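So you can see what is in the structure, the chains are spelled out below.
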Amino acid sequence: MDVIYGIHAVSEAVQSRPQRLEYVAVTRAAQDARLRKIMESCRAAKVTVRTLGREELTKLAGNGGHQGVLAVANSKSYADLEEILAHMRGRHHFVVVLDGVEDPHNLGAVIRTADGAGADGILIPENRAAGITAVVAKVSAGASEHIPVARITNVSRTVEELKRRNIWTVGLDERGRQDYDQIDYNMDCALVLGAEGHGLHQLVRERCDFLVSIPMLGKVPSLNVSVAAAVVMYEVARQRRKPSIAQSDVRGQAKRREGDGE
């Protein structure tokens, strides 16, 4: 069984996958309008609602960040690569591959951003990496209920498999010689992100088609993985939303330079 807690996470679970839920528990002092709305949604979806004391909720959640509500659900069923590739959200594939992200807060933040940026799904390693937990679900603000997440046995082999399927692989690494916004993402692509601290493993880095970095203007060499992921994912989204704008801007700049005699 999994425990999902927090107003946004539970609300999304009730709305998107009520069949997974054993019951939803709310604090006996449920005066918050958002909690009442969740209870109404539960009744409409025929999900059992229980009232518990705040200490009982804290014990079930494992911490006090439950905001007065939690849901007990059947264990999350992970997707697989085939399922993710079969359901594109745009004209081109956009897959996010995580090379061993261990912090559940980082994973939750990446999931939330991936959903917002229009990614098709996320691939995470089975071992030595964070999985979908109550903390991840809460940090993702419910996005983990919407975007498919698949577990893979080997990241470098998965990168090779994506390449065999004509999906370009773009590794984000501080040693990358290209800036992240120099790539044209209007293609089937996978964004490969490294773990906290050491980044991409060497074999994974070597197998990526492109290796890009985010320019750092300060003293620290890199960003937190979830922040870096957001920067690049929204560049992908920006280019795909209005692919002609960047091209017309370049043409316009070239014409102005010609006019100025540069």
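To be clear, the structure that these remarks concern was listed above.
Residues numbered from 1 in each chain as written. Predicted model: local features only at pLDDT ≥ 70, side-chain atom pairs only at ≥ 80, totals over all residues. Heavy atoms only, no water.

**Q** Kindly report on the sheet that holds strand 6 (residues 121-125), identifying the contributing residues and their values.
**A** Read from one edge to the other, the open sheet built from seven strands follows the order 7-6-5-10-8-11-9, with strand pairing classed as parallel. Bordering the open sheet on either side are strand 7 (149-152) and strand 9 (178-179), each of which pairs with just one other strand. In this sheet, strand 11 (residues 210-213) lies alongside strand 9 in parallel orientation, the contact comprising two bridges. Residue pairing across strands places Gln178 opposite Val212, the latter belonging to strand 11. Helix 7 (residues 155-164) rests against strand 5 (94-99), strand 6, strand 7, strand 8 (168-172) and strand 10 (189-194) of the sheet, and its axis sits at about 160° to strand 5. (Pairing = 2+ DSSP bridges. Helix = DSSP H or I, 4+ residues; strand = E, 2+ residues; numbered from the N terminus. Contact = heavy atoms within 4.5 Å. Axes fitted to C-alpha atoms, helices over the stretch in contact; angles between N-to-C directions.)

**Q** Kindly report on the pairing of strand 7, identifying the contributing residues and their values.
**A** Successive residues of a regular strand alternate their side chains across the two faces of the sheet. Note that strand 6 and strand 7 share four bridges and pair parallel. Residue pairing for strand 7: Leu123 is matched across the bridge by Ala150. Once the chain exits strand 6 it traverses helix 6 (residues 134-139) before rejoining the sheet at strand 7, and the crossover so formed is right-handed. (Right-handed = clockwise from strand over helix to strand, strands pointing away.)

**Q** Which residues make up the sheet that holds strand 3 (residues 49-52), and what are the values?
**A** The mixed open sheet is built from four strands, whose spatial order is 1-4-2-3. Strand pairing shows two members of the sheet lacking a second neighbour, strand 1 (2-5) and strand 3, which therefore form its edges. Within this sheet the neighbouring strands show an average axis-to-axis angle of 25°, counted without direction. Of the pairings in the sheet, the one linking strand 1 to strand 4 (residues 69-73) comprises four bridges and is antiparallel in character. Counted as the bridge partner of Val3 is Val72 from strand 4. Set on the sheet, helix 3 (residues 54-61) makes contact with strand 1, strand 2 (21-27), strand 3 and strand 4; between it and strand 2 the angle comes to about 135°.

**Q** Can you tell me about the packing of aromatic side chains, naming the residues and giving the values?
**A** Using the criterion set out here, one finds one aromatic pair in the structure. Positioned above the aromatic ring of Tyr23, the side-chain terminus of Arg50 is 3.8 Å from the ring centre. Residue placement shows Arg151 over the ring face of Tyr78; its charged tip is 4.9 Å from the ring centre. (Phe/Tyr/Trp six-rings, centres within 6.5 Å; stacked < 30°, edge-to-face > 60°. Lys NZ or Arg CZ within 6 Å of the ring centre and 35° of its normal.)

**Q** I'd love a proper account of the pattern of salt bridges, names of residues and values included.
**A** Summed over the entire model, instances satisfying the criterion amount to 13 salt bridges. For Glu235, the salt bridge identified is with Arg238, shortest N-O distance 2.9 Å. Pair noted here: Glu235 and Arg238 are both in helix 9 (residues 225-241), with a separation of three residues, about one helical turn. Judged by its relative accessible area of 35%, Arg238 falls in the partly exposed class. (Salt bridge = Lys/Arg side-chain N within 4 Å of Asp/Glu carboxyl O. Buried < 20%, exposed > 50% of the residue type's maximum accessible area, 1.4 Å probe, protein only.)

**Q** Give me the nonpolar core: which residues, what numbers.
**A** Membership of the largest hydrophobic core comes to 36 residues, with the highest contact counts inside it found for Val96, Leu98, Ile111, Ile122, Tyr185 and Met233. Of all elements in the fold, only strand 5, helix 5 (104-116), strand 6, strand 8, strand 10 and helix 9 reach the threshold of two or more residues within this core. Looking at this core element by element, the count peaks at seven residues for helix 9. The residues touching Leu98, leaving out its near neighbours within four places in the chain, are Leu107, Val110, Ile122, Leu123, Ile124, Pro125, Val155 and Leu193. (Core = buried A, V, L, I, M, F, W, Y, C linked by side-chain atoms within 4.5 Å.)

**Q** Go over the pairing of strand 2, please, and point to the residues and values.
**A** For strand 2, the buried fraction is high: six of the seven residues fall into the buried class. Here strand 2 pairs with strand 4 via five bridges, running antiparallel. Bridge pairing links Leu21 to Ala73 in strand 4. As paired elements, strand 2 and strand 3 share four bridges and run parallel to each other. In the sheet register, Val24 faces strand 3, and the bridge partner there is Val49.

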